[in-house]
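# What the coordinates show
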There are 2 protein chains.
Amino acid sequence: MADGPYHHGNLRAALLERAEVILTTSGAEGLTLRGLARELGVSHAAPARHFRDRQTLLDALAVSGFTTLNARLASAAGGGGGGPVGARLAALGRTYVDFAVEHTALLELMFAVKHADDSSDELRERGHESLLIVARLMEEGQQTGAVRPGEPVQLAQVAFSTVHGLATLAVASLLDDTPLAEATELALEILLAGLRPGA
Amino acid sequence: MADGPYHHGNLRAALLERAEVILTTSGAEGLTLRGLARELGVSHAAPARHFRDRQTLLDALAVSGFTTLNARLASAAGGGGGGPVGARLAALGRTYVDFAVEHTALLELMFAVKHADDSSDELRERGHESLLIVARLMEEGQQTGAVRPGEPVQLAQVAFSTVHGLATLAVASLLDDTPLAEATELALEILLAGLRPGA
DNA sequence: ACCTGAACACCGTTCAAGT
DNA sequence: ACCTGAACACCGTTCAAGT
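If you're wondering where the values come from, they're calculated on a predicted model, not measured in any experiment. Throughout, residues of each chain are indexed from 1 in the direction in which the sequence is written. Lettering of chains starts at A and numbering of ligands starts at 1, both following the order in which they are written. Per-residue local features of the predicted model are confined to residues with pLDDT of at least 70, and side-chain atom pairs are confined, for both listing and counting, to 80 or more; whole-chain, interface and lining totals are unaffected and use all residues. Side-chain numbers come from the whole structure's heavy atoms, not from hydrogens or water.

A single heavy atom is enough: if one lies within 4 Å of a molecule or strand, its residue is considered near that molecule or strand. Around DNA strand D sit 21 residues in total, of which Leu33(A), Arg34(A), Arg38(A), Ser43(B) and His50(B) are the nearest. Among atoms of DNA strand D positioned within 4 Å of the protein, sugar and phosphate together represent 47%. Within 3.5 Å is the distance limit for a polar contact, defined as a pair of N or O atoms, with the added protein rule that one can donate a hydrogen and the other accept it, and that residues adjacent in sequence qualify only through two side-chain atoms. Within the side chain of Arg38(A), a nitrogen or oxygen atom sits 2.5 Å from a phosphate oxygen of DNA strand D. A distance of 2.8 Å separates a base nitrogen of DNA strand D from a polar side-chain atom of His44(B). Numbering of helices and strands runs from the N terminus; a helix is a DSSP stretch of H or I covering at least four residues, while a strand is a stretch of E covering at least two. With 3 residues, the top contributor of residues to the surface near DNA strand D is helix H2 (residues 33-40) of chain A. Charged residues are taken to be Asp, Glu, Lys and Arg, nonpolar residues to be Ala, Val, Leu, Ile, Met, Phe, Trp, Tyr, Cys and Pro, and polar residues to be all remaining types, Gly included. Here the surface near DNA strand D is composed, by residue class, of 9 nonpolar, 6 polar and 6 charged.

Looking now at the packing of helix H8 (residues 180-195) of chain A against helix H8 (residues 180-195) of chain B. H8(B) packs onto H8(A) with a crossing angle of 105 degrees between their chain directions and a minimal axis gap of 7 Å. Looking at the two axes, H8(A) sits roughly perpendicular to H8(B). The segment H8(A) lies against H8(B), with Ile190(A), Leu191(A), Ala193(A), Gly194(A) and Leu195(A) engaging Ile190(B), Leu191(B), Ala193(B), Gly194(B) and Leu195(B). Split into classes, the residues belonging to the contact of H8(A) with H8(B) amount to 8 nonpolar, 2 polar and no charged. Think of each axis as a best-fit line through the C-alpha atoms, taken over the contacting stretch in the case of a helix, with angles from 0 to 180 degrees between the N-to-C directions. Should an angle fall under 35 degrees it is called roughly parallel, over 145 degrees roughly antiparallel, and 65 to 115 degrees roughly perpendicular, with every other angle called oblique. Contacts are assigned to residue pairs that have any heavy atoms within 4.5 Å of one another.

Any Lys or Arg side-chain nitrogen found within 4 Å of a carboxyl oxygen on Asp or Glu counts as a salt bridge. Under the criterion given, the structure shown has 18 salt bridges over all chains. Salt-bridge contacts for Arg148(A) lead to Glu189(B); the nearest nitrogen and oxygen are separated by 2.9 Å. Placement of Arg148(A) in the loop between helix H6 (117-144) and helix H7 (152-171) and of Glu189(B) in helix H8 is noted, with the two residues assigned to different chains. Burial here depends on accessible area, computed with a 1.4 Å probe over protein chains only, as a share of the maximum for the residue type. Under 20% is buried, over 50% is exposed, and the range in between is partly exposed. Arg148(A) sits in the buried class, given a relative accessible area of 8%. For Glu189(B), a relative accessible area of 41% gives the class partly exposed.

A few words on the side chain of Thr56(B). All names here are of chain B. Position of Thr56 among the secondary structure elements: in helix H3 (residues 54-76). Within the structure, Thr56 has its side chain in polar contact with the side chain of Asp53 (distance 2.7 Å). Not counting residues up to four positions away in its chain, the partners in contact with Thr56 are Phe51 and Ala116.

At the interface, 42 residues of chain A touch 42 residues of chain B. For the pairing of chain A and chain B, the buried interface totals around 3,700 Å² over both sides, and the portion due to carbon and sulfur atoms is 65%. Taken as a group, Gln157(A), Leu174(A) and Ile190(A) account for 16% of the area that chain A buries against chain B, more than any other trio of residues on that side. The interface formed by chain A and chain B holds 2 salt bridges in total. At the junction of chain A and chain B, the tally comes to 12 residue pairs in polar contact (both at pLDDT 80 or more). Listed by contribution, the elements that provide at least two residues to the side of chain A that touches chain B are helix H5 (104-110), H6, H7 and H8 of chain A. The biggest single contributor to the side of chain A that touches chain B is H7(A), with 13 residues. Tallied by class, the residues present in the side of chain A that touches chain B amount to 19 nonpolar, 14 polar and 9 charged. Here the buried area means the combined drop in accessible surface, using a 1.4 Å probe, for two parts upon being joined, counting both sides.

Here we come to a negative patch on the surface. Any residue with relative accessible area above 30% and no salt bridge may belong to a patch, with like charges joined within 9 Å and the nonpolar Val, Leu, Ile, Met, Phe, Trp and Tyr side chains within 5 Å. All accessibility values rest on the Shrake-Rupley procedure with a 1.4 Å probe; residue burial counts only the protein chains present in the view. Residues counted as positive are Lys and Arg, residues counted as negative are Asp and Glu, and His and the chain ends are not counted. To locate a charge, the coordinates of NZ of Lys, CZ of Arg, CG of Asp or CD of Glu are taken. Taken together, Glu29(A), Glu108(A), Glu29(B) and Glu108(B) make up a surface patch of like negative charges. One can find Glu108(A) in helix H5. For Glu108(A), a relative accessible area of 42% puts it in the partly exposed group.

We now examine H2(A). Residue and element names in this part refer to chain A. Every buried residue of H2 is listed here: Gly35, Leu36, Ala37 and Leu40. Elements that come into contact with the buried residues of H2 comprise helix H1 (11-26) and helix H3 (54-76). Within two residues after H2, Gly41 carries a phi angle of roughly 75 degrees, on the positive side.

So, about the relation of the copies chain A and chain B. Each copy is superposed on the other by least squares, with the fit set by C-alpha atoms of residues at a pLDDT of at least 70 in both. Taken as rigid bodies, chain A and chain B are interconverted by a rotation of 180 degrees and an axial shift of 0.0 Å, the fit giving an RMSD of 0.0 Å. Viewed as a symmetry operation, the transformation between the two copies matches a two-fold axis. Both copies share a contact surface, since 100% of the interface residues of chain A are interface residues in chain B too.

Attention now goes to the packing of helix H4 (residues 85-102) of chain A against H7(A). All names here are of chain A. Where H4 contacts H7, the two axes come as close as 9 Å, and the packing angle between them is 35 degrees. The interaxial crossing formed by H4 with H7 has right-handed handedness. Taking contact as the criterion, the partners of Gly93, Tyr96, Val97, Ala100 and Val101 in H4 are, on H7, Phe160, Val163, His164, Leu166, Ala167, Ala170 and Val171. Looking at the contact of H4 with H7 residue by residue, the class counts come to 10 nonpolar, 2 polar and no charged. Note on convention: near helix rotated counterclockwise from far helix by under a right angle means a left-handed crossing. Clockwise means right-handed.

Here we come to the environment of Ala90(A). Residues and elements named next belong to chain A. Tracing the backbone shows Ala90 in helix H4. Taking the relative accessible area as the measure of exposure, Ala90 reaches 6% and is therefore buried. A C-alpha to C-alpha distance of 35 Å links Ala90 and Ala13, two positions 77 residues apart in sequence. Ignoring sequence-local partners within four residues, the contact set of Ala90 consists of Leu188 and Leu192.

Listed below in structure tokens is the structure:
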């Protein structure tokens, strides 16, 4: 790991790694290409070799964020498929809220409106992956009678909205005295009740 | 309205007005103090007289956004208080989603994590106003038997989360083929069903 | 292929000085 | 009281040139 004149080829990875740290500690506004270059001991123009512009770097972070999130969601959904669907949906919701408050700035990036044109497609696709994990559980719930009929993806959109919105309220300090865990349980209970057939 | 050497005293209002236009058309990233000053024909240092820094201006925009939103919500909640509670809750939800997709960048500001220290309190208070409008309707619904028992503010937080999250999904292009109006109706139906007593 | 150094056109913020 | 002009310390992005 001795420093040569160059960053021995892994500058791209080093940039992403350092950027994620800065994003977590200082937010997206504190993330500058020049600052990144400085910390990694390369010239300020070096990052441009690996990321066309700042937005492309931010989008790469967002994509990697979705990758992490989706892995956690898939794991929470219960790979093997045991347990009642309602409980697994609730686990999914708690996992999402945990991730969201733990990676506030990253999540903001993941759902930001502005993206580089070439990252936009991949970002959307990763988001769909998240929704699909939920949708598959909805479909299973429909078979076991825990979930009302309807397009599973649309039901997933509603469930996703609930937990995502809750996380937003939490980081915006709008939950006040309500502990986030309590608010999450109430939201999930209302959501699951509303999803039941005949509700 | 002839131009003197100064901006005849209404520079603050002019800055806010112009800033809101730019926010809507170009997003927060496109909003610079120097650009604003240029468009209004004042020196680049003039805005500092009225807003301590850029963040203070952004927070002022966010506060004004909440004012507009709360007025709309209050109106949709039915000032006089006629009609079934469920229908008025649904109207509230549709109003929120409409506002959210119409003022994407503004809403992002309203729920942003970073704020100037002196605006943070007022911003939170305005957010609480939004929640209170919903909470009052929840309380009314509990009396008419349309809404389950529980802390009205907590129920409001759940309802707010649902519609806010839905708006986020919409602007992130994650609703795909589902028209937003359709997704909104489904979300509101599931929410209201989940809120009913004994659900 | 990968990086450097200089250059260009921007920023936000501050502060003496003007009216 | 309100604004200007200059100054400072940053940015992102580009591009010839180096190895």
